[in-house]
Amino acid sequence: MALPGRCAEHLVHDQAAFVEASRSLQPGDTVVLADGIWRDVDLLLRGEGKRGQPITLTAQTPGKVILSGRSQLRLAGKYLEVSNLVFRDGWAPSGEVVSFRSSSREWAEHSRVTGIVIDGYSNPDRQQSDHWVAIYGQHNRFDHSQLVGKTNVGPTLVVVRNATSGLDNRHRIDHNWFGPRPNLGSNGGETIRIGTSHDSQSDSNSVVDNNWFEHCDGEVEIISNKSGGNLYRGNVFFESRGSLVLRHGHGNVVERNVFIGNGKAHTGGVRVINRDQTVRDNYFEGVAGDNFAAALSLMAGTRDAPLNRYEQVANAVIERNSFVQVHQLFLGAGLDDERDAMPINSRIAGNLVIDDGSGEVLRTQGDLSGIAFSANVQSPKVSRGFPGGVTGAPLTLQRASNGLLYPVTAVDAGAPRDLAPVAREDVGVAWYPKTLTTPALDSGIAHDVAPGEDSLAAAIDASEPGDRLQLQPGLYRVNRVLALDQPLTIVGPSRGHAHVQFSRPTLFELRAGGSLRLSRLDIDGTLAPNAAGNAVVRVPSDGQAFDYTLQIDDSHIHGLTAGSAFHVVATGKGSFAAHIALNRVTVEDVTGSVIAAAAETDDRGTYNVEQVDVLHSRFARIGGPVLDLYRGGIDESTFGPTLRVQGNQLEQVGVADDTSLRLHGVQHAIVADNAFAHSGRVRFSHSVGKPRLQIRRNVHDATAAMQSDTPAETLP
């Protein structure tokens, strides 16, 4: 017990002791959680500290207190501080893991959460939304923490604004490592969101500075700004798909940030919407995105826009930025019948543009007379489309001590030379690794497997993540569904054949954590029963299989004739694949589809697979299409799906409904060098955006044709 007037320290070992110690905390008191695993705990730190004497909750040893299961942390009061805790091996029991409030009537102010790690603490159902950090109230700080691996719907960190707990927030979010967040395949994958459209016309006055955003690939908006008066300064965006988007709110400043794309697809910069936005002194290098993910995307807006739409850009200032080897600058992005109000009273000045050599860097739409251009420099020459105010000059670049590229010959344009990007080691915590530990295919040990009854099943049961099962020549009979919750490779012999027969409706079922590569196999479905949902590879409709890879190459799949819809690959609603690839595969005698990826039919913009490659394969006597791929809705928060169908032979494909390929809402599609014989139509339709369809060098007989509502680029 503490003496009167002295600060007390309470070491507690369980939830009950924590609750007891927390009943009467005074300014300067500290509660210390004993090292160990704390499972299913609800930590509520409530009290009234003072400036310089916060009430503190911390770990006995940084990183040695693990909050797991259904645990959460809440703060309510003033001058509170929490530090050095780890959340992993579970998910939040409510909508927030760390919350700066206890209820709608009680929240935190002048409080700080620092040195927190949240590692893969995701709801296994990716359609269930939550937030890992929710900041309420005013004058709060979240800093030097690490958030990595969120896989379910919901922004990683949100600033929640309302008239009760405060609109003039003045929070600070700084020196955090926002680690890899996989592509969600739908809206709701932001890393940070400040405000909502409902409260966007007021100023939050919050600061986001000196953070690292590394491989934050959740959706097109890495940061979704939906309030006014915010400052984004000194952050590093490293190989992250998407952009810092000034979606709603006015008078925001984006300055002295560094965007490094290293040529990664869909890496973006800043997208500007609304009034009085300033983008200055930033550095962009190797940013490969286009359209909404261009290095700079200045949008067309809607006249008299409702709160949830795109307000016209007015009074924007874009100055002294360096765009080094970027793919695109887009002025007038999103121009359409609704968004027909081009930027007005705006200025683009003193910027440096260095082309990446891939083509024309500038894309424009609409009337640019509302933008004043001055003192900009472009190398090697000025792009067509600039109305003036840009000087062309070939420039040689040299990397400076800060790691950034600058012209050898000084020019009065571009980002300042005193930029000092925050170092990766100076964000997050020093006592926990900055990694996302996900085992990869073929990263484990190779095991020889002999043929026999259920020998393959036994080998899978004994395997570890990333292992490779090397099948010897012979017959493999499988009498149960092979459920996979880890990456696994199964390869047949280089000489002879590994024949796989299965007597259940499904051969492989991919669950959470599972990925699969099949190579040099002969897969025979003639023993499978006539059951609903027959498939060689099935992904259940429970939302848990996420960001998985499925690759089949150099294999023969045949005899899928039981029932009317026996698929090779069937993806369930809520599942999401990063990549499905068929290469040098022969598929014959199938009543269903080869790849059925059309389970998301509720038009929310979700879809089942990001990228599909079907290459150099032969398909014969297929009842359904080779690929049935669906992305519905009009949401613009995603980049995919992307498709390549090239070098294939299709014979009697899609005979059941006259469709050999059904592509709905696919954003990028290449259909090239294929031969269609006695096969159904290729049907392409779109629901949002401006999809790109490339058709080239295909051979059709009289029965096959292309049906599309999108103009195709017919290339030589």
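Residues numbered from 1 in each chain as written. Predicted model: local features only at pLDDT ≥ 70, side-chain atom pairs only at ≥ 80, totals over all residues. Heavy atoms only, no water.

### Focus on the overall build of the protein chain
Looking only at helices and strands, the protein chain has two helices and 74 strands in total. Against the globule reference of 27 Å for 716 residues, the protein chain gives a C-alpha radius of gyration of 28 Å, in line with a compact fold. Over its C-alpha atoms, taken along the principal directions, the protein chain stretches across nearly 80 × 70 × 45 Å. By residue count, 59% of the 716 residues in the protein chain fall in the buried class. Taking the intrachain contacts of the protein chain between residues at least 6 apart in sequence as the baseline, contacts between residues at least 24 apart amount to 74%. In the form shown here, the protein chain has an accessible surface area of approximately 26,600 Å², with 48% of it arising from carbon and sulfur atoms. Of the side chains in the protein chain, 66 bear a positive and 80 a negative charge, and the two mean positions are spaced by 2 Å. (Helix = DSSP H or I, 4+ residues; strand = E, 2+ residues; numbered from the N terminus. Rg over C-alpha atoms; globule rule 2.2 N^0.38 Å. Buried < 20%, exposed > 50% of the residue type's maximum accessible area, 1.4 Å probe, protein only. Contact = heavy atoms within 4.5 Å. Areas by Shrake-Rupley, 256 points an atom, 1.4 Å probe, with all protein chains shown as cover. Lys, Arg positive; Asp, Glu negative; His and termini not counted. Charge placed at Lys NZ, Arg CZ, Asp CG, Glu CD.)

### A short note on the sheet that holds strand E69 (residues 675–677)
Within the open sheet, the 10 strands sit side by side as E46-E48-E51-E54-E57-E60-E63-E66-E69-E72. Their pairing is parallel. Bordering the open sheet on either side are strand E46 (452–453) and strand E72 (699–700), each of which pairs with just one other strand. (Pairing = 2+ DSSP bridges.)

### Some points on the pattern of salt bridges
This model, assessed by the stated rule, comprises 46 salt bridges. A salt bridge links arginine 170 to aspartate 168, with the shortest nitrogen-to-oxygen separation between them at 3.1 Å. We classify aspartate 168 as partly exposed; its relative accessible area is 30%. One connected set of salt bridges, linked through shared partners, spans Arg112, Arg141, Asp143, Arg172, Asp174 and Asp209. (Salt bridge = Lys/Arg side-chain N within 4 Å of Asp/Glu carboxyl O.)

### Thoughts on unusual backbone geometry
The amide bond that connects serine 379 to the next residue, proline 380, takes the cis arrangement and shows omega of 5°. Position of proline 380 relative to the elements: it lies in the loop between strand E41 (376–379) and strand E42 (390–392). You will see that arginine 170, though not glycine, has its phi angle at about 55°, which is positive. For arginine 170, a relative accessible area of 43% translates into the label partly exposed. Phi at arginine 697 is positive, roughly 55°, even though this residue is not glycine. As for its position among the elements, arginine 697 is in the loop between strand E71 (692–696) and E72. Overall, arginine 697 belongs to the partly exposed group, its relative accessible area being 45%.

### Some words on the side chain of threonine 571
Within the element layout of this structure, threonine 571 appears in strand E58 (residues 567–571). Exposure remark for threonine 571: the relative accessible area of 7% places this residue in the buried category.

### Thoughts on the packing of aromatic side chains
Under the defined criterion, the tally for this structure stands at 12 aromatic pairs. Relative to tyrosine 432, the ring of tryptophan 431 lies with its centre 6.4 Å away and its plane at 90°, an arrangement referred to as edge-to-face. A relative accessible area of 13% places tyrosine 432 in the buried class. Each residue in the set Phe178, Phe213, Phe237, Phe259, Phe284 and Phe323 is aromatic and connected to the rest through ring pairs, giving one cluster. Note that arginine 247 overlies the ring of tyrosine 310, its terminal NZ or CZ placed 3.7 Å from the centroid. It is arginine 339 that lies over the ring of tyrosine 310; its NZ or CZ is 4.9 Å from the centre. (Phe/Tyr/Trp six-rings, centres within 6.5 Å; stacked < 30°, edge-to-face > 60°. Lys NZ or Arg CZ within 6 Å of the ring centre and 35° of its normal.)

### Focus on the pairing of E41
Burial along E41 is two-sided: Asn376 and Gln378 facing one way and Val377 and Ser379 facing the other are all buried. Relative to E41, strand E38 (residues 352–355) runs parallel, the two being bridged by three bridges. Looking across to E41, one finds that valine 353 is bridged to glutamine 378. Pairing between E41 and E42: three bridges, direction parallel. When the bridges of E42 are listed, asparagine 376 appears paired with valine 390.

Such coordinate-based values are descriptive only and should not be taken to indicate function.
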